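Residue-level structure breakdown
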Number of protein chains: 4
Amino acid sequence: MTRRLRLGMVGGGQGAFIGAVHRIAARLDDRFELVAGALSSDPQRAQSSAAEAGIARSYADWREMAHAEAARDDGIDVVAIVTPNHLHAPVATAFLEAGIHVICDKPLAISLAEGEALAALARSKRRLFALTHTYSGYPLVRHARELIEAGELGTVRIVQVEYAQDWLAEPVETTGANRQAVWRTDPSLAGPAGCLGDIGTHAYHLAAFVTGMTPSTLAAELHTFVPGRRIDDHVQAMLRYADGARGMLWASQVASGAENALRLRVYGTKANLAFDQEQPNDLWLTPLGGAAQRLTRARVKSAVAAHATRVPAGHPEGYLEAFAQLYKDAALQIEAIDSGLPVPAESRLLTTVDDGVAGLKFIDAVIASHSADGAWVAV
Amino acid sequence: MTRRLRLGMVGGGQGAFIGAVHRIAARLDDRFELVAGALSSDPQRAQSSAAEAGIARSYADWREMAHAEAARDDGIDVVAIVTPNHLHAPVATAFLEAGIHVICDKPLAISLAEGEALAALARSKRRLFALTHTYSGYPLVRHARELIEAGELGTVRIVQVEYAQDWLAEPVETTGANRQAVWRTDPSLAGPAGCLGDIGTHAYHLAAFVTGMTPSTLAAELHTFVPGRRIDDHVQAMLRYADGARGMLWASQVASGAENALRLRVYGTKANLAFDQEQPNDLWLTPLGGAAQRLTRARVKSAVAAHATRVPAGHPEGYLEAFAQLYKDAALQIEAIDSGLPVPAESRLLTTVDDGVAGLKFIDAVIASHSADGAWVAV
Amino acid sequence: MTRRLRLGMVGGGQGAFIGAVHRIAARLDDRFELVAGALSSDPQRAQSSAAEAGIARSYADWREMAHAEAARDDGIDVVAIVTPNHLHAPVATAFLEAGIHVICDKPLAISLAEGEALAALARSKRRLFALTHTYSGYPLVRHARELIEAGELGTVRIVQVEYAQDWLAEPVETTGANRQAVWRTDPSLAGPAGCLGDIGTHAYHLAAFVTGMTPSTLAAELHTFVPGRRIDDHVQAMLRYADGARGMLWASQVASGAENALRLRVYGTKANLAFDQEQPNDLWLTPLGGAAQRLTRARVKSAVAAHATRVPAGHPEGYLEAFAQLYKDAALQIEAIDSGLPVPAESRLLTTVDDGVAGLKFIDAVIASHSADGAWVAV
Amino acid sequence: MTRRLRLGMVGGGQGAFIGAVHRIAARLDDRFELVAGALSSDPQRAQSSAAEAGIARSYADWREMAHAEAARDDGIDVVAIVTPNHLHAPVATAFLEAGIHVICDKPLAISLAEGEALAALARSKRRLFALTHTYSGYPLVRHARELIEAGELGTVRIVQVEYAQDWLAEPVETTGANRQAVWRTDPSLAGPAGCLGDIGTHAYHLAAFVTGMTPSTLAAELHTFVPGRRIDDHVQAMLRYADGARGMLWASQVASGAENALRLRVYGTKANLAFDQEQPNDLWLTPLGGAAQRLTRARVKSAVAAHATRVPAGHPEGYLEAFAQLYKDAALQIEAIDSGLPVPAESRLLTTVDDGVAGLKFIDAVIASHSADGAWVAV
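Reading guide: rules and limits
- Residues numbered from 1 in each chain as written.
- Chains lettered and ligands numbered in written order.
- Predicted model: local features only at pLDDT ≥ 70, side-chain atom pairs only at ≥ 80, totals over all residues.
- Heavy atoms only, no water.
- Contact = heavy atoms within 4.5 Å.
- Buried area = accessible area lost by both parts, 1.4 Å probe.
- Salt bridge = Lys/Arg side-chain N within 4 Å of Asp/Glu carboxyl O.
- Polar contact = N/O pair within 3.5 Å; in protein donor to acceptor, adjacent residues only side chain to side chain.
- Nonpolar A, V, L, I, M, F, W, Y, C, P; charged D, E, K, R; others polar.
- Pairing = 2+ DSSP bridges.
- Helix = DSSP H or I, 4+ residues; strand = E, 2+ residues; numbered from the N terminus.
- Buried < 20%, exposed > 50% of the residue type's maximum accessible area, 1.4 Å probe, protein only.
- UniProt positions renumbered as here; feature names shortened; annotations may be inferred.
- Least-squares fit on C-alpha atoms with pLDDT ≥ 70 in both.
- Axes fitted to C-alpha atoms, helices over the stretch in contact; angles between N-to-C directions.
- Parallel < 35°, antiparallel > 145°, perpendicular 65-115°, else oblique.
- Left-handed = near helix turned anticlockwise from the far one by under 90°.
- Disulfide = S-S within 2.5 Å.

So, the interface of chain A and chain C
Between chain A and chain C, the residue contacts involve 10 residues of the former and 10 residues of the latter. When the two sides are added together, the surface that chain A and chain C hide from each other amounts to roughly 820 Å², 51% of it contributed by carbon and sulfur. On the chain A side of the interface with chain C, the three residues burying the most area are Gly289(A), Arg294(A) and Arg299(A), jointly 46% of the side's total. The interface formed by chain A and chain C holds zero salt bridges in total. Our enumeration of links across chain A and chain C arrives at two residue pairs in polar contact (both at pLDDT 80 or more). Considering only residue class, the side of chain A that touches chain C consists of four nonpolar, three polar and three charged. With three bridges joining them, strand S14 (residues 292-296) of chain A and strand S14 (residues 292-296) of chain C adopt antiparallel strand pairing. Looking at the pairing, Gln293(A) lines up with Gln293(C) of S14(C).

Spelled out as structure tokens, the structure:
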């Protein structure tokens, strides 16, 4: 048995959603042991959150944590960054500088400059920088990517991707009760992109991950439906790809009745693929003029899907398993890096800092197009 | 029992798809008797097609038919026009001039000027001009419209409509075997809009019919995927509505694997509605934060739905029944007009010549935006 | 154009459900002209119903109608019998005796003896006797049958069939408002079998039609859930087939929330098939260990399906079209019989009087098993 | 933070399916630490399996393990038993005798006598005995139970439960490659019930868990489809409940194309409920005469569902989370028992040894009815 990697966490104190998800994901495949954390900027809260999470070493400050952990023989191997967006870059920088691998929530940063600097730093420090674009951890998303790579769709012509939620359909940020809503609608914490950064980037990444293609130009508009909100809660865009493919992207957090409706459809000259995150155990493949096939997680004969699943056919997996897959792949890569070995092939689908940079370029392009009343701009 | 109306038909000879559909639709509710036709411009074919369809009076020329029928005591009450698009306006004009009601396939005409002239003529002649936007004949589409009118969705914020097919994914028009493909991809017969006119207008009309809203501006692009094709086979557009709502429209005839996938989703402040033409016996209503409800045709307690259905709960209806509904409503209106009575309220959802004009404005706006590299243009 | 067959109808007056369905079905493919009827045993109602339905010759009595029509040069070719069950046999007998073809609603009769006599009479008179087991008119049901015949499922092992409705979940027959409920729960009109005869026989027939197999023995129980009801409203049975296959059949009219949920699943050594009457445009075929395929009506390359459909892919058909298919096939057979020609191959799937006899044997077997506390009895 | 409970495991060595599932489930909510194991009866395999699973103390023999662990200050609090069925009772007995809590795979034992002895022993020793009927860990299964308890369905009339798989459709046990298949089809290891014990008991338990009702009598038959197989691979049964409700149960492991299709439908006087294990994030509630509602995991406002879920709306959970829920509830109960406190109310839905005894009674009843050619026998 390989030693469990020692994991630290910054952010994710009581009341946060994504911190708890990271902890479960890290635990699920038993590759990590969570031993240190700076879970909140409020020292009291940091302490009680760490105790509740069973974390041995609690820090009041993430800078201190980076230094202290780097100095210990049994210091953390890797840190998970689950803070609001504006802290991603400074925290990641501190840990990279300390020689510690990073697993970071998306979006990578709140500006492209920040993101590119991070990418350069990670490379120069030869540390892993994994970005948790969760949905690329689903076995059927990975299988979809493989089908396209293998030419099963022919030439891709049309990409339709959307991500609809309804949790911001009303001004819930004004009540104070919903901590998520407060920071995600505050540009000083979330960055300039609201819905665009929170879920638009997921949609964009999913489409890019599966198709292997990114648009060359886009025409977009942002919108804020809820009066008084200081950030976009809706984005729609048209996409053009270099080889003539076309696409549309829609993301909204005011789509009443939608839970977490991330959906991708890709049409090629020979077939189409459809994936719905809310039914992640199914992938639909429909050939031109033919019968739709429901491909299931454990029955597609695919090494990439098998690598990303744990239970047999008909035993559904979900969001936590997809998230855990990113941690499993990160563990494989960290072990290899730390041993001076090449990164194992089966872990190669892990989202990278470059994916994060691509997401920031997408954000910038959307904002630029929006500012130019929907003109086509380069991504 | 009311007398069956005497129906004539122009177009719809052997090998045509939509002519046979009109004939079944006219027959289904037993309000019409098909007695005359100019089914083909080829006299031989016109004759044999009429014989096959059991039509008593066959004409070689539709102008002759309009004159002859208008002159008979037992001449037709109404003509169904099911020719390629470029003939809609001249044929309709001839029959309106002859005082005969018109039921016409969409798009209304191949130019806005033609369409507006037709609308004016229909009004001045006080004849019915019904346009067969089939999908508005579905009971649940009508119920959806009513739910929105009644405020069940709150204020409409987002409109997502799409219409995907795959029958033109390959250059089938070059083989000659597919007569539909030949004329629908020939601008001299179909008009300037290919996919845009053929199914884009259906998508546009469905959204407008259900929401009661038309966009004030749009940004669009057309595309032709199949090399050598002389007309668009793909259209994508972003929509802005006067009161701040946003929307997207996508129509494609090269979407491999798609059969006749016309889908509408409307999100309001309180709930969303979703309709999929391929499952027309279900309508989905999902409130903000709540459980999706599958409303079924015969169980929604709705007068408009009841008026548009024939069989009990769980006995599915389909496309022909929706089409027949337009004929049923047309019969109700023709009977009223011919009797000098007001048009019955229950028939009021029949698509009109003005809907056809709106569709032509949409076509023009898309082409204008496309020509201006996706600039926002008024509809 | 072939002459339209002259159709008469017995039963189906105002307020009846199935009479109107037969009339639409007869009209849909334009093979019949409804010219005579004895629509109600109440002469006034018969007259007004006939007028409403546009029927030229209305009779107060079906015996009189049989004689009168047989005597006319332009008398009916075929009669549709849509009365309550107890009249099926006497009415059919009268018309067969008069040399008139019969299309009869199911169940064939209210006793096996009656049914067998009818079968013998039809044979001796060489008249068509079609039984309207509607669901066998669906193109995908016919395609399912063909797939099994062709061995696509391997050896059939398991048959699961069910038919659930909820319209009798409450004692609606006691209010008098629901005429259907009144006669269908009255053993003197419906015969000894309630739910068993009304929908159990549909389920039984569907399974037999698709698999080509009938059980050799069954163990069953009937139940009446609604207090005071004089007839079963629920039946459940286990089935054994001669070659070792096993099955279950369930039918209920008190299944709250069910509309018209007739579903069949057949599992063979190589694959399974599933059909849901409420989604009749889809048929599911799933191989052992493989991906489910959604076969659609207009895309299965099958002559039997093509013969039973009217519109292209993605244009849904429904219950009325399935019903119309039986009429279309009946027309083909009547024309052949009347011309002394062999019955056309493409019409061979029309349900016969022998299917009706098989249904009555099933009813008898269920009642016998129920009476013997669920003992296995021969069918 | 509560101390993690120390967990041991018997069975679950390399190549086993359910052992790995138990380990993930135990880890997911961070309540357990796996510290000891006797993972295989083959000492070598036991050792290497334990090393692979990161287990500190590996035993070659489970008897030795029970004694040794009981003797240690830091000995295990609870043992997970994941052996073939014939060892459940002896292993559980040994650990209960040693004062160690037990979490045991189902079926409880291979005979009712064994099972009843275990239940008595667990009671006398005052130790937790949890049985892992996984499917009762799904939040929506628990919510379904609550809806019925709360009367939302009215009086339950009909129970339809089925569990179909296809992994034994062919004689895979003869190849030796599938270790699962080998022991599950060997009566000396699996006990007298094959499919009946393996999945029939899951179906039975799910129906009982959700409805709160067990049948008073049943009529059943077992069948073995695969030639040479020494145990049943198919079971079908009709059920009668004391208050007049009726039901059917079907389980098969030769249902080609089925993955893990456990489905429950319950019809009451007011509504029905439907749950499909393969889509566990949805529960369908359809009122009499009304619209089906899709209830989702995180949006039903239900304390029992909230207790059994970890992520927000639209983030799917699956089988591992359901399994983890049993472990979470077991942890809550063990902590309470060990502290002399009452078991917390929110953990009360954990499956018990008495549920296991009920399952064995069901097995006995099915075998008895089968032996009596399907006669109704008391459960």
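Some details on the environment of Val102(B)
Residues and elements named next belong to chain B. Along the polypeptide, Val102 turns up in strand S5 (residues 101-104). For Val102, a relative accessible area of 0% puts it in the buried group. As for Val102 and Ser339, which are separated by 237 residues in sequence, their C-alpha atoms are 17 Å apart. Setting aside residues up to four positions removed in sequence, Val102 forms contacts with Val78, Val79, Ile81, Ala92, Phe95, Leu96, Leu128, Phe129 and Ala130.

Quick word on the sheet that holds strand S3 (residues 57-58) of chain C
Strand pairing in a sheet relies on backbone hydrogen bonds, with the paired strands running either antiparallel or parallel. All names here are of chain C. Strand order in the open sheet formed by six strands is S3-S2-S1-S4-S5-S6, with parallel pairing between adjacent strands. The sheet is open, and its two edges are formed by S3 and strand S6 (129-131), each paired on a single side. By the bridge criterion, six bridges tie strand S1 (residues 5-10) to strand S2 (residues 32-38) in an arrangement that is parallel. Its bridge partner lying in S2, Gly8 is registered against Ala36.

As for the UniProt feature "domain: Gfo/Idh/MocA-like oxidoreductase N-terminal" (unreviewed entry) in chain A
Mapped onto this structure's residue numbering, the UniProt feature "domain: Gfo/Idh/MocA-like oxidoreductase N-terminal" (unreviewed entry) falls at residues 6-131 of chain A. The annotated region residues 6-131 of chain A carries 44% helix and 21% strand content, and the separation between its end C-alpha atoms amounts to 18 Å.

Considering the relation of the copies chain A and chain B
When chain A is fitted to chain B, the best match, at an RMSD of 0.0 Å, comes from turning it 180° and sliding it 0.0 Å along the axis. When the rotation and shift are considered jointly, the pair of chain copies conforms to a two-fold rotation axis. Relative to the rotation axis, the closest C-alpha in chain A is found at Ala375(A), a distance of 3.3 Å. When the interface residues of chain A are mapped onto chain B, 100% of them again lie at the interface, so the same face is used by both copies.

Brief notes about the pairing of strand S7 (residues 156-164) of chain A
All names here are of chain A. Here S7 lies mainly inside the structure; nine of its nine residues are buried. Note that S7 and strand S10 (residues 246-252) share seven bridges and pair parallel. Note on S10: the bridge partner recorded for Gln160 is Met248.

A word on the interface of chain A and chain B
If you look at the interface, chain A gives 47 residues, while chain B gives 47 residues. Buried area between chain A and chain B, both sides added, is near 3600 Å², and the carbon and sulfur share of it is 53%. On the chain A side of the contact with chain B, Arg157(A), Met238(A) and Ser256(A) bury the most area, a combined 17% of that side's loss. Connecting chain A to chain B are eight salt bridges. A salt bridge links Asp373(B) to Arg240(A); the nearest nitrogen and oxygen atoms lie 2.9 Å apart. Remark: the boundary between chain A and chain B carries 26 residue pairs in polar contact (both at pLDDT 80 or more). Those elements that place two or more of their residues in the side of chain A that touches chain B are S7, strand S8 (217-223), strand S9 (234-240), S10, strand S11 (261-268), strand S12 (271-276) and strand S13 (282-287) of chain A.

As for the relation of the copies chain A and chain C
Least-squares fitting of chain A to chain C yields an RMSD of 0.0 Å, with the transformation described by 0.0 Å of translation along the axis and a rotation of 180°. Most of the interface of chain A is mirrored in chain C, where 100% of its interface residues again form contacts.

Observations concerning the side chain of Ser252(C)
Within the secondary structure, Ser252(C) sits in strand S10 (residues 246-252). At a separation of 3.1 Å, a polar atom in the side chain of Ser252(C) contacts the side chain of His234(C). Within the structure, the side chain of Ser252(C) is placed 3.2 Å from the backbone nitrogen of Val254(C), a separation counted as a polar contact. Once residues lying within four places of it in the same chain are set aside, the contact partners of Ser252(C) are Tyr163(C), Ala164(C), Gln165(C), Cys195(C), Ile199(C), Asp233(C), His234(C) and Ile158(D).

Points about the pairing of strand S4 (residues 78-82) of chain D
Residue and element names in this part refer to chain D. For S4, a buried count of five out of five residues is recorded, marking the element as mostly surrounded by other parts of the structure. Neither face of S4 is left uncovered, since the one carrying Val78, Ala80 and Val82 and the one carrying Val79 and Ile81 both have all their residues buried. Taken together, the five bridges between strand S1 (residues 5-11) and S4 define a ladder with parallel strand orientation. Following the sheet pairing, Leu7 is matched in S4 by Val78. Across four bridges, S4 lies against strand S5 (residues 101-104) in parallel orientation.

With respect to the UniProt feature "domain: GFO/IDH/MocA-like oxidoreductase" (unreviewed entry) in chain A
With numbering matched to this structure, UniProt assigns "domain: GFO/IDH/MocA-like oxidoreductase" (unreviewed entry) to residues 141-273 of chain A. The span residues 141-273 of chain A is 27% helical and 31% strand by assignment, and the distance between its end C-alpha atoms comes to 10 Å.

With respect to unusual backbone geometry
Residue and element names in this part refer to chain B. A cis geometry characterises the amide bond from Lys106 onward to Pro107, with omega recorded as -5°. Note on placement: Pro107 falls in the loop between S5 and helix H5 (112-125). Look at Arg126: it is not a glycine, yet its phi comes out positive at around 55°. Within the secondary structure, Arg126 is located in the loop between H5 and strand S6 (129-131). A relative accessible area of 66% means that Arg126 is categorised as exposed.

Overview of the sheet that holds strand S6 (residues 129-131) of chain A
Residue and element names in this part refer to chain A. What the six strands build is an open sheet, ordered S3-S2-S1-S4-S5-S6; its pairing is parallel. Edge positions in the sheet fall to strand S3 (57-58) and S6, since each has one partner strand and no second. Of the pairings in the sheet, the one linking strand S5 (residues 101-104) to S6 comprises three bridges and is parallel in character. Paired with Val102 across the strands is Phe129, a residue of S6. Strands in contact with helix H3 (residues 62-71) are strand S1 (5-11), strand S2 (32-38), S3 and strand S4 (78-82); relative to S2, the strand with the most contacts, it is inclined by about 135°.

Some thoughts on the packing of H3(A) against helix H4 (residues 88-97) of chain A
Residues and elements named next belong to chain A. Contact geometry of H3 with H4 gives a least axis separation of 9 Å together with a crossing angle of 15°. Comparing their axes, H4 and H3 come out roughly parallel. The hand of the H3/H4 crossing is right-handed. Taken together, the residues of H4 that come into contact with H3 (itself represented by Trp62, Met65 and Ala66) are Pro90, Val91, Ala94 and Phe95.

Regarding the state of the cysteines
For the structure on display, the rule yields zero disulfides over all chains. Left without a disulfide partner, Cys104(B) is nearest to the cysteine sulfur of Cys195(B), which lies 20 Å away.

Some details on the pattern of salt bridges
Summed over all chains, the structure comprises 120 salt bridges over all chains. Across the pair Arg127(B) and Asp338(B) runs a salt bridge whose closest N-O atoms are separated by 3.8 Å. One end of the pair, Arg127(B), is in the loop between H5 and S6; the other, Asp338(B), is in helix H11 (residues 319-338), and 211 residues separate them in sequence. A relative accessible area of 21% places Arg127(B) in the partly exposed class. Judged by relative accessible area, Asp338(B) falls into the partly exposed class, the value being 41%. The shortest N-O distance in the salt bridge between Glu69(C) and Arg57(C) comes to 2.8 Å. Of the two residues, Glu69(C) is situated in helix H3 (residues 62-71) and Arg57(C) in strand S3; the sequence distance between them amounts to 12 residues. Across this residue pair, the class does not change: Glu69(C) and Arg57(C) are buried. Through salt bridges with shared partners, a single ionic network connects Asp29(A), Arg297(A), Arg310(A) and Glu317(A).

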